[in-house]
Amino acid sequence: MMIQVQNLTYFYPYTSNTPALYDVSVTIRKGELILITGPTAAGKTTLCLAIAGILEHEFEGKKSGNVTFKGQDVKLYDGLSELNQHVSMVFDDADAQLIFTSVEEEILSGIQMRGGSTEEIRERMEHVMQVCGITHLRDRPPYALSGGQKQRVAIAATLAMNTECIILDEPTSELDVSATSQIISLLSALKNEGKTVIVVDHSLEEYRLVADRVICMEKGRIHTIGTFEEIYTNKEPVISPEALYKRNDLLPYLPPDGISPIITVKDLVKRYDTILALDGITTDIYPGEFIAILGENGSGKTTLVKHFNGLLRPDVGKIWVNGLDATTAPVTTLVRHTGLVFQNPDTMLFADTVREEILFGLMNVNELDPDAVILDVLSMVGLVGTQEMYPRHLSRGERQRLAVACILAMRPEIIVLDEPTTGLDEAESDTMMQLMERLQQSGHTIIMVTHNMRIAETYADRIIGMENGKITGDYQIKGGISS
Amino acid sequence: MTEILQYIPGSSVLHHLNPVTKLIAVIMIVTLCVFSPNLLFLILLLIFIFFIAVVCKLYHEFLLQLPFLGILILILVLITVLTVSSGPVIGHLIPCAVPIIGGTFPITFGGLLLGLLLSFRFIVMILTFQLFIFSTKPSELVRGLLIFRMPIDYVLMFLITIRFIPSLQMEGRRIHEAQISRGYNPGSGIKGKIKSLRPILIPLVANSLAKTQVIGLTLDMRGYRTKNRLLVHNDSYTRYDALTGIILIFILIGFIFQFTLL
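Conventions adopted
Residue positions are counted from 1 within each chain, in the order its sequence is given. Think of it this way: whatever chain is written first is A, whatever ligand is written first is 1, and the rest follow in order. Owing to the predicted nature of the model, reporting of local features is limited to residues with pLDDT of at least 70; listing and counting of side-chain atom pairs is limited to 80 or more, with chain, interface and lining totals taken over all residues. In this description a helix means any DSSP run of H or I spanning at least four residues, a strand means any run of E spanning at least two, and both kinds are numbered starting from the N terminus. What the globule rule says is 2.2 Å times the number of residues to the power 0.38, and the radius of gyration is computed from C-alpha atoms. Residues with at least 20 other C-beta atoms within 10 Å of their own are called buried, those with 12 or fewer are called exposed, and the rest are partly exposed. The C-beta atoms themselves are positioned from the backbone. A pair of residues counts as a contact when their C-beta atoms, built from backbone coordinates, are within 7 Å of each other. Between any two strands, at least two bridges found by DSSP are needed for them to pair. Orientation is described by lines fitted to C-alpha atoms, with helices fitted over the stretch in contact, and by angles between N-to-C directions that extend from 0 to 180 degrees. pLDDT measures the predictor's confidence residue by residue and takes values from 0 up to 100. By our criterion, buried Ala, Val, Leu, Ile, Met, Phe, Trp, Tyr and Cys residues that link up through C-beta atoms within 7 Å make up a nonpolar core. Small angles under 35 degrees read as roughly parallel and large ones over 145 as roughly antiparallel, with 65 to 115 read as roughly perpendicular and the rest as oblique. Only Asp, Glu, Lys and Arg are considered charged, only Ala, Val, Leu, Ile, Met, Phe, Trp, Tyr, Cys and Pro nonpolar, and every remaining residue, Gly among them, polar. By the definition used in this description, the sense in which the near helix is turned from the far one sets the handedness, with an anticlockwise turn below a right angle giving left-handed and a clockwise turn giving right-handed. Given the number of residues in a helix, its expected span is that number minus one, multiplied by 1.5 Å.

### Some remarks on the overall build of chain A
Along its length, chain A carries 15 helices and 21 strands. Taking 483 residues into account, the globule formula puts the C-alpha radius of gyration at 23 Å, and chain A, at 24 Å, falls close to it. Dimensions of chain A, computed from C-alpha atoms along their principal axes, come out at roughly 70 × 50 × 45 Å. Counting every position in chain A, which comprises 483 residues, the buried fraction comes to 50%. Here the contacts in chain A between residues at least 6 apart in sequence split such that 70% fall between residues at least 24 apart.

### Observations concerning the overall build of chain B
A count of helices and strands for chain B gives 11 helices and two strands. Along chain B, helices (α) and strands (β) appear in the sequence α-α-α-α-α-β-β-α-α-α-α-α-α when read from the amino end. Expected size for 262 residues packed as a compact globule is a radius of gyration near 18 Å; at 23 Å, chain B overshoots this value by more than 25%. Taking the principal axes of the C-alpha coordinates as reference, chain B spans close to 70 × 60 × 30 Å. Of all 262 residues assigned to chain B, the portion counted as buried reaches 27%. Put simply, of all contacts in chain B between residues at least 6 apart along the chain, 73% involve residues at least 24 apart.

### Details of the environment of Ile259(A)
Residue and element names in this part refer to chain A. Structurally, Ile259 can be placed in the loop between strand S11 (251-252) and strand S12 (263-272). By C-beta crowding, Ile259 is classed as partly exposed, having 14 other C-beta atoms within 10 Å. For the pair Ile259 and Val321, spaced 62 residues apart in sequence, the C-alpha separation works out to 15 Å.

### Re the sheet that holds S11(A)
Residues and elements named next belong to chain A. If you walk across this open sheet you meet the seven strands as S11-S21-S20-S14-S19-S18-S17, and the pairing is mixed. Edge positions in the open sheet fall to S11 and strand S17 (338-341), since each of these has one partner strand only. Sheet strands touched by helix H13 (residues 396-408): S17 and strand S18 (414-418). Its angle to S17, the strand with the most contacts, is close to 165°. Sitting on the sheet, helix H14 (residues 426-441) touches strand S14 (290-295), S18 and strand S19 (445-450), and the angle it makes with S19 is about 150°.

### Focus on the environment of Gly38(A)
All names here are of chain A. Mapped onto the fold, Gly38 is located in the loop between strand S3 (33-37) and helix H1 (44-51). Overall, the presence of 23 C-beta atoms within 10 Å leaves Gly38 in the buried class. As for Gly38 and Gly220, which are separated by 182 residues in sequence, their C-alpha atoms are 9.9 Å apart. Sequence-distant contacts of Gly38, that is, excluding residues within four places in its chain, are made with Lys44, Cys216, Met217 and Glu218.

### A word on the confidence of the model for chain B
For chain B, the mean per-residue pLDDT works out to 84, and 94% of the residues sit at or above 70. Summarising per-element confidence for chain B, the mean pLDDT is lowest in helix H9 (residues 189-195) of chain B (74) and highest in helix H2 (residues 19-35) of chain B (91).

### Brief notes about the interface of chain A and chain B
If you look at the interface, chain A gives 47 residues, while chain B gives 43 residues. For the side of chain A that touches chain B, the elements supplying multiple residues, two or more each, are helix H2 (54-58), helix H3 (79-83), strand S6 (87-90), helix H4 (103-112), helix H10 (331-334), helix H11 (354-364) and H13 of chain A.

### Some remarks on the sheet that holds strand S4 (residues 63-69) of chain A
Residue and element names in this part refer to chain A. Strands sit in the order S2-S1-S4-S5 across an open sheet of four strands; the sheet is antiparallel. One side of each edge strand has no neighbouring strand; the edge strands of this open sheet are strand S2 (21-28) and strand S5 (72-73). For strand S1 (residues 3-10) and S4, the ladder comprises six bridges, and the chain directions are antiparallel. When the bridges of S4 are listed, Thr9 appears paired with Ser64. Where H1 meets the sheet, its contacts fall on S1, S2 and S4, and the angle it forms with S1 comes to roughly 125°.

### Observations concerning the pairing of S6(A)
Residues and elements named next belong to chain A. The alternating pattern of S6 places Val87 and Met89 and Ser88 and Val90 on opposite faces, both of which are buried. Two elements, S6 and strand S7 (residues 165-169), share four bridges in a ladder whose sense is parallel. Counterpart to Met89 in the pairing with S7 is Ile167.

### Description of the nonpolar core
One recurring pattern in soluble globular proteins is that nonpolar side chains are buried together. Core analysis: the biggest nonpolar cluster contains 88 residues, and Ala50(A), Ile51(A), Ala156(A) and Ile167(A) have the highest contact counts within it. In this structure, Leu244(A), Ala326(A), Ile374(A) and Ile464(A) belong to the second largest nonpolar core, which totals 75 residues.

### Some words on the packing of H2(B) against helix H11 (residues 239-260) of chain B
All names here are of chain B. Two numbers describe how H2 lies on H11: the axes approach to 10 Å, and their chain directions differ by 10°. In terms of orientation, H2 and H11 fall into the roughly parallel class. Residues Thr21, Ala25, Met28 and Leu32 of H2 form the contact with H11, whose own contacting residues are Asp241, Thr244, Leu248, Ile251 and Phe255. When grouped by side-chain class, the residues that make up the contact of H2 with H11 number six nonpolar, two polar and one charged.

### What to know about unusual backbone geometry
Residue and element names in this part refer to chain A. Here Lys219, not a glycine, exhibits a phi torsion of approximately 50°, which is positive. As for its position among the elements, Lys219 is in the loop between strand S9 (213-218) and strand S10 (221-226). Unusually for a residue other than glycine, Asn322 sits at a positive phi of about 55°. Secondary-structure assignment places Asn322 in the loop between strand S15 (316-321) and strand S16 (324-325).

### Describing the pairing of S15(A)
Residues and elements named next belong to chain A. Of the pairings in the sheet, the one linking S12 to S15 comprises five bridges and is antiparallel in character. Considered in S15, the bridge of Thr264 is made with Trp320. The antiparallel hairpin formed by S15 and S16 contains two residues in its connecting segment, where Asn322 sits at a positive phi of about 55°.

### Here we look at the packing of H11(A) against H13(A)
Residues and elements named next belong to chain A. Running from N to C, H11 and H13 cross one another at 35°; their axes reach a closest spacing of 8 Å. Between H11 and H13 lies a crossing of right-handed hand. Together, Val354, Glu357, Ile358 and Gly361 of H11 and Leu402, Ala405 and Cys406 of H13 make up the contact between the two elements. Of the residues that constitute the contact of H11 with H13, the class distribution is five nonpolar, one polar and one charged.

### As for the environment of Gly323(A)
Here Gly323(A) is to be found in the loop between S15 and S16. A C-alpha to C-alpha distance of 7.4 Å links Gly323(A) and Ile262(A), two positions 61 residues apart in sequence.

### Quick word on helix H7 (residues 177-192) of chain A
Residue and element names in this part refer to chain A. Along its 16 residues, H7 runs 23 Å from first to last C-alpha, staying within 8% of the 22 Å computed at 1.5 Å per residue. Taken together, the buried positions of H7 are occupied by Val177, Ala179, Thr180, Ile183, Ile184, Leu186 and Leu187. On its buried face, H7 sits against S3, helix H5 (118-131), helix H6 (147-159) and strand S8 (196-200). After H7 finishes, the residue Gly194 shows a positive phi value of roughly 95°.

Here you go:
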């Protein structure tokens, strides 16, 4: 018996009367691989913190019930300094877990604390860097890496400590398809080494053969526990990374007749120092389209869309947005036509109330009747009644929709979304996408950067595939607007 | 992106020195700076530090800071000249030829000397400290400070402070881009500038605070606060450390010698 949770109920300090965990009981055997899934705010992370003993030793708040780790109550361990000998955890915020100045140093920091000879330490480090696919990053400063790379470094730094129980909270949230399957096979290898692995993630198909049991959580309770087969009876096709940028099963895209494009990109080239981020992009985007730009991490998707509102200017090539030359037009003009919603809504929310938050953009464009617009956009995104709330108290999905509302209020014809479903659960993602469909029907052009294929295929009517700064495929689905 | 106060990878002598040696050198140079009343000694020290920077190929970072250091000297000299008057008058801030207000604000020899003395003290201290940070990995820094029996919580606080600088720079840029996408237009005039800081600073602070918990837990999980298990293993001192010791002794002799000249 590795871990035993008995009737655990927990309230975070300073929160309302809803418990984060309510009467949770579960037993995890040594060598098991457990997948925890569920919508946001279901208590998945809290359960992980409880299992790692962090809740007991580092968090205030009311708790009842108990957690036993290796047959001993976690209360009896001498804090994290003793527990960290047995259990390690990868937190969901990869960036905050990277503290040192090079990837190598980051990974060494955990091992050196555990002693061992210099050769053993080096060997261990080389091993985890290799299995996590980050050997080529060893000298790079972690803060300068991409989201997916950071996530892999954080996982490597944790694995390096070689504890018998490893907990991972959403380790694949920012990874593309190929990196995700790498991580899942890595977890499977850990299981084969006899380690106990607990992972919080979406119910990805790759877990079917890897996970011993799945715990589905909802509103702080365990909803169901069972094998993957029992819970997800329908097999879904495993997505190959090639499918993100090359598809033979889809119809090639045919531009509509008789309409002039709203965005024209011609031979666009963009370099960051030595890296060629965009390598000769040429495409036309027509009014009213719903486009998904698919591609692996680092394929240049985000770089491309940042050119549409003037945040980036091309080194070579031309862009026209709604008749404006986007290589020279001022950003303040371009943002009235292209509204860019960033991946993380928290990079923009600063006001004390939702109303003020939306007002900020409206004042920038000198709106005459702001209150009418605010009501209008809030009802569009389904946030009526939140006007006086503090934006950061909304849920992640609501904050994401508020970010869309802030952009919508400025009435751009084109709405660009950068990874709009990261950090959202399936229900929230669908709410978000249905909102985009409604906006498309009301005449907006929607461009969305994503590596979520399900979302792209369900909602978009055109898919542009990108790889290494190039467009590798242009397809239409659902008939497109030309039909 | 130019990085402020970050470790710069390299293989110079300074990079290979034991962090303890470097810490001793920094503490000694800073202390001597504070107590030295002699401008010549400080200038020689400054030349020495620049020489080290050139040898270790870190002078490029120093050159970037020259404008900042120039402003520092100007302000310090101006303040002391205005507030301290001792010794012979050697000129006036506003030349005597200017009618009515001419001849006010006399520059005295003592005031000017004190201003320069203060400036050079600060510059030597700043550059020495920077040379230390540029050439020492944060993990070695932690090790060095722990050997000096600094409480681990303070050491980690120091580590996290340095670690946050580039993160804040990048996060700040991201927030700036996000706000520009909403038509954000930094205001003009001082009042406008201050007002326009709000949309940038609030998300910056809120997002950084949100990270602190995970940073703390990560350090705990990696065992950084585990008692009685300090990571003082295979500390190697090389001949470079010995050489540094000899150089430090020479500097100390120079420091004492300057008093015999008084």
